[in-house]
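Structural description and commentary
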Amino acid sequence: MNIFRSSAAPPRPVDAASFTGTARTRLLASSDHETPVHAYHVQFEDHARTHWHTHSGPQWLFVTEGRIRVQALGQPAHDLDTGDAVVFAPGEKHWHGAVPGTRGVHLAVNINAVTTWLEAVTDDTYRGETNHR
Ligand code: MN
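What this report covers is the structure whose coordinates are included nearby.

Conventions used here
- Residues numbered from 1 in each chain as written.
- Predicted model: local features only at pLDDT ≥ 70, side-chain atom pairs only at ≥ 80, totals over all residues.
- Heavy atoms only, no water.
- 1 Å grid on protein atoms, 1.4 Å probe; cavity = no way out; pocket = protein on both sides within 12 Å on 5 of 7 lines; lining within 4 Å.
- Points joined across faces, edges and corners; volume = space filled by probe spheres on them.
- Helix = DSSP H or I, 4+ residues; strand = E, 2+ residues; numbered from the N terminus.
- Nonpolar A, V, L, I, M, F, W, Y, C, P; charged D, E, K, R; others polar.
- Buried < 20%, exposed > 50% of the residue type's maximum accessible area, 1.4 Å probe, protein only.
- Contact = heavy atoms within 4.5 Å.
- Core = buried A, V, L, I, M, F, W, Y, C linked by side-chain atoms within 4.5 Å.
- Phe/Tyr/Trp six-rings, centres within 6.5 Å; stacked < 30°, edge-to-face > 60°.
- Lys NZ or Arg CZ within 6 Å of the ring centre and 35° of its normal.
- Polar contact = N/O pair within 3.5 Å; in protein donor to acceptor, adjacent residues only side chain to side chain.
- Salt bridge = Lys/Arg side-chain N within 4 Å of Asp/Glu carboxyl O.
- Pairing = 2+ DSSP bridges.

**Focus: the layout of surface pockets**
- Put simply, the largest pocket is a space of about 450 Å³.
- Listing elements by their share of the lining of the largest pocket, those giving two or more residues are strand 1 (12–13), strand 3 (23–31), strand 4 (37–44), strand 6 (53–55), strand 11 (104–111) and strand 12 (115–117).
- The residue makeup of the lining of the largest pocket, split by class, is 11 nonpolar, 11 polar and 3 charged.

In structure tokens, the structure reads:
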């Protein structure tokens, strides 16, 4: 058993080299037994989003507050509501952030995944056309 206390890992500002806008992240738990798994709580303020990136393993996102916009390369963006989830495949280029005009929070579970950070998401892409649900 390995307990992770929230008091031991307060939210930290994200790296400006891999995010646009104001976001905070907190490591919820991690495990390095056989398959490494890392779980994070990520808060995005209005207009905040990640840069484009890939994960070498799957990434599962669970929207826990507000709304989260996600986009995979070559596809329209999608707006997720609280309670929705999305799974990105290993190597799938994507980004995630708040839906414009609101804030959002997701949990992220990275499974045996190293993240490769790429270019920033432009304002045009961020505000671009979405396929709603
Ligand atoms: Mn991701």
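**Here we look at the environment of Thr-54**
- Turning to its location among the elements, Thr-54 is positioned in strand 6.
- In this structure Thr-54 comes out as buried when scored by relative accessible area, which is 17%.
- As a C-alpha pair, Thr-54 and His-94 span 40 residues in sequence and 6.5 Å in three-dimensional space.
- In this view, Thr-54 contacts Gly-91, Glu-92, Lys-93, Val-114, Thr-115, Thr-116 and Leu-118; residues no more than four positions away in its chain are not counted.

**A short note on the nonpolar core**
- In this structure, Phe-19, Ala-23, Phe-44, Leu-61, Val-70 and Val-86 are the most contacted members of the largest nonpolar core, which totals 19 residues.
- Contributions of two or more residues to this core are made by strand 4, strand 7 (59–72), strand 9 (85–88) and strand 10 (94–98).
- No other element matches the 4 residues that strand 7 contributes to this core.
- Ignoring anything within four residues of it in the chain, the contact list for Val-86 reads Gln-59, Trp-60, Leu-61, Val-70 and Leu-80.

**Digging into the packing of aromatic side chains**
- Under the definition given, this model contains 4 aromatic pairs.
- Joined through ring pairs, the aromatic side chains of Phe-19, Phe-44 and Trp-117 make up one cluster.
- A cation over a ring is seen here: Arg-49 above Tyr-126, with NZ or CZ 4.4 Å from the ring centre.
- Over the ring of Trp-52 we find Lys-93; its NZ or CZ atom is 5.6 Å from the centre of that ring.

**Quick notes on the side chain of His-94**
- Note that His-94 resides in strand 10.
- At a separation of 3.3 Å, a polar atom in the side chain of His-94 contacts the side chain of Gln-59.
- Sequence-distant contacts of His-94, that is, excluding residues within four places in its chain, are made with His-51, Trp-52, His-53, His-55, Gln-59, Gln-71, Ala-72 and Phe-88.

**Looking at the pattern of salt bridges**
- Counted by the stated rule, this structure contains 8 salt bridges.
- We note a salt bridge from Arg-69 to Asp-79, for which the minimum N-O separation is 2.7 Å. On the criterion of sequence distance, the pair formed by Arg-69 in strand 7 and Asp-79 in strand 8 (residues 78–81) is long-range, its members being 10 residues apart.
- The closest approach of N and O atoms between Arg-127 and Asp-123, which form a salt bridge, is 4.0 Å.
- One salt-bridge network, held together by shared partners, links Arg-24, Glu-45, Glu-65 and Arg-103.

**With respect to the pairing of strand 11**
- Counting buried positions along strand 11 gives 6 out of 8 residues, so the element sits mostly inside the fold.
- In terms of strand pairing, strand 4 meets strand 11 through 8 bridges, oriented antiparallel. Paired with Ala-39 across the bridge in strand 11 is Val-109.
- Here strand 7 runs beside strand 11; their pairing, made up of 7 bridges, is antiparallel. Each residue of the ladder has a partner; that of Gln-59, found in strand 11, is Asn-110.

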